[in-house]
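Examining the three-dimensional arrangement
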Amino acid sequence: MPRSFAQMARSAEQSSRSIQVSKEPPQESPLTIHTLGDGVLRTPAKRISKVDESVRDLARDMLRSMYAAKGIGLAAPQVGVHKQLLVIDLDPENAAAPPMVLINPEIRSFGPGLDTYEEGCLSIPGVYLDVVRPTTVDVAYRDEMGRPQRMKADGLLARCIQHEMDHLNGVLFVDRVTDELSLNAELQDHGFRRADVQSIR
Ligand code: K1U
Ligand code: ZN
């Protein structure tokens, strides 16, 4: 049946507004972000079979929590939810730049180059350490409307996607740190236990 102009306009508006949240950091985070040593961070996330309003509600609350914590990314396991969902906003000061929501992301290929970058993590506050990762990635995922998407990313976006996808697999950036001396010092300085790191190098 042909759709009316009003129906099409409503559908277009719903789809473009589906995940709009204010970037103003809220006084209180809607969700608790778990920290290193908490077992929930080590539990692999499950695929999302249906992208519905409950998934979009979770994505909105994750974005608000990310803005409250002044981060640029957040993965569902960090807020104790074992679902393959992550949010990213590399431009949180720019209200006009839409955040990204990636559901069931899969890295299809890595580029040949490697980069070193000093990463941080909202689940390991205060700890910043160098991590080596591929410079570019090609990732397939569903967006917040359940539509299949494909994206080639480089720079900070590629970095952030890999960091957040590690969270979906129960891996933390400290597991990838090769400078053992700096790792031990940073963890101690910020009150975290070396025994909670699961080195994968
Ligand atoms: O997953 C997370 O814990 C969020 C993490 C994302 C990330 C940062 C840096 C490299 C890779 C992944 C953060 O947002 S930590 C906070 C942070 O480092 C940062 C905040 C604002 C601007 C730039 C970095
Ligand atoms: Zn993190």
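Residues numbered from 1 in each chain as written. Chains lettered and ligands numbered in written order. Predicted model: local features only at pLDDT ≥ 70, side-chain atom pairs only at ≥ 80, totals over all residues. Heavy atoms only, no water.

The protein atoms that coordinate the zinc ion (ligand 2) are Cys121 (SG), His163 (NE2) and His167 (NE2), at distances of 2.0 to 2.3 Å. Each donor residue of the zinc ion (ligand 2) belongs to the same chain, and together they define the spacing C-x41-H-x3-H. Of the two residues, Cys121 is situated in the loop between strand 4 (114-119) and strand 5 (129-134) and His163 in helix 3 (residues 155-168); the sequence distance between them amounts to 42 residues. As far as the burial class goes, Cys121 and His163 line up, both buried. (Donors = N, O, S within 2.8 Å, 3.2 Å for Na, K, Ca; no water. Helix = DSSP H or I, 4+ residues; strand = E, 2+ residues; numbered from the N terminus. Buried < 20%, exposed > 50% of the residue type's maximum accessible area, 1.4 Å probe, protein only.)

The subject of this paragraph is the sheet that holds strand 1 (residues 73-75). Reading across from one edge, 1-2-3-6-7 is the order of the 5 strands in this open sheet, with antiparallel pairing throughout. Two strands in the sheet have a free side with no partner beyond their single neighbour: strand 1 and strand 7 (148-153). Neighbour-to-neighbour, the strand axes of the sheet open up by a mean angle of 40 degrees, direction not taken into account. Alignment of strand 6 (residues 137-142) against strand 7, held across 6 bridges, turns out to be antiparallel. Pairing of Val139 across the sheet is with Met151, part of strand 7. (Pairing = 2+ DSSP bridges. Axes fitted to C-alpha atoms, helices over the stretch in contact; angles between N-to-C directions.)

Turning next to the nonpolar core. Ranked by size, the top nonpolar core spans 20 residues in total, and within it Met62, Leu63, Leu74, Leu85, Val87, Val101 and Ile103 carry the most contacts. When residues of this core are traced back to their parent elements, those giving at least two are helix 2 (53-69), strand 2 (85-88) and strand 3 (100-110). Per-element tally for this core: the top contributor is helix 2, with 7 residues. Those residues within four positions of Leu85 in sequence are excluded, and the remaining contacts are Ile48, Val55, Leu58, Ala59, Met62, Ala75, Ala76, Val101, Leu102, Ile103 and Leu168. Within the second largest apolar cluster, 16 residues are counted, among which are Ala75, Leu86, Leu102 and Ile161. (Core = buried A, V, L, I, M, F, W, Y, C linked by side-chain atoms within 4.5 Å. Contact = heavy atoms within 4.5 Å.)

Quick look at the site of ligand 1 now. By nearness alone, 15 residues border ligand 1, and Ile72, Gly73, Gln78, Leu122 and Glu164 come closest of all. Residue Ile72 places a main-chain N or O atom 2.8 Å away from an oxygen atom belonging to ligand 1. Between an oxygen atom of ligand 1 and a side-chain N or O atom of His167, the distance comes to 3.4 Å. In the complex, 83% of the free accessible area of ligand 1, which totals 530 Å², lies under the protein chains. (Near = heavy atom within 4 Å. Polar contact = N/O pair within 3.5 Å; in protein donor to acceptor, adjacent residues only side chain to side chain. Areas by Shrake-Rupley, 256 points an atom, 1.4 Å probe, with all protein chains shown as cover.)

Summing up the model confidence of the protein, the mean pLDDT is 93 and the portion of residues at 70 or higher is 92%. Here residues 9-16 is a poorly scored stretch, pLDDT under 50, and it has 2 contacts once near neighbours within four places are set aside; other chains count. (pLDDT = per-residue confidence, 0-100.)

So, about the environment of Asn169. Locating Asn169 in the fold gives a position in the loop between helix 3 and helix 4 (180-189). With a relative accessible area of 52%, Asn169 lands in the exposed category. Here the alpha-carbon distance between Asn169 and His82, two residues 87 residues apart in the chain, equals 9.7 Å.

Here we come to a nonpolar patch on the surface. Judged by side-chain polarity, Ile72, Leu90, Tyr117 and Leu156 come together as a nonpolar surface patch covering roughly 300 Å² of accessible area. By the secondary structure assignment, Leu156 is in helix 3. For Leu156, a relative accessible area of 32% puts it in the partly exposed group. (Patch = residues over 30% accessible without salt bridge, like charges linked within 9 Å, V, L, I, M, F, W, Y side chains within 5 Å. Salt bridge = Lys/Arg side-chain N within 4 Å of Asp/Glu carboxyl O.)

Its boundaries defined by the atoms lining it, the largest pocket holds a volume of some 370 Å³. Lining the largest pocket we find 19 residues, and of these Ile72, Glu119, Gly120, Cys121 and Tyr128 sit closest to its centre. Considering each element in turn, the lining of the largest pocket owes the most residues, 5 residues, to helix 3. Tallied by class, the residues present in the lining of the largest pocket amount to 8 nonpolar, 6 polar and 5 charged. (1 Å grid on protein atoms, 1.4 Å probe; cavity = no way out; pocket = protein on both sides within 12 Å on 5 of 7 lines; lining within 4 Å. Points joined across faces, edges and corners; volume = space filled by probe spheres on them. Nonpolar A, V, L, I, M, F, W, Y, C, P; charged D, E, K, R; others polar.)

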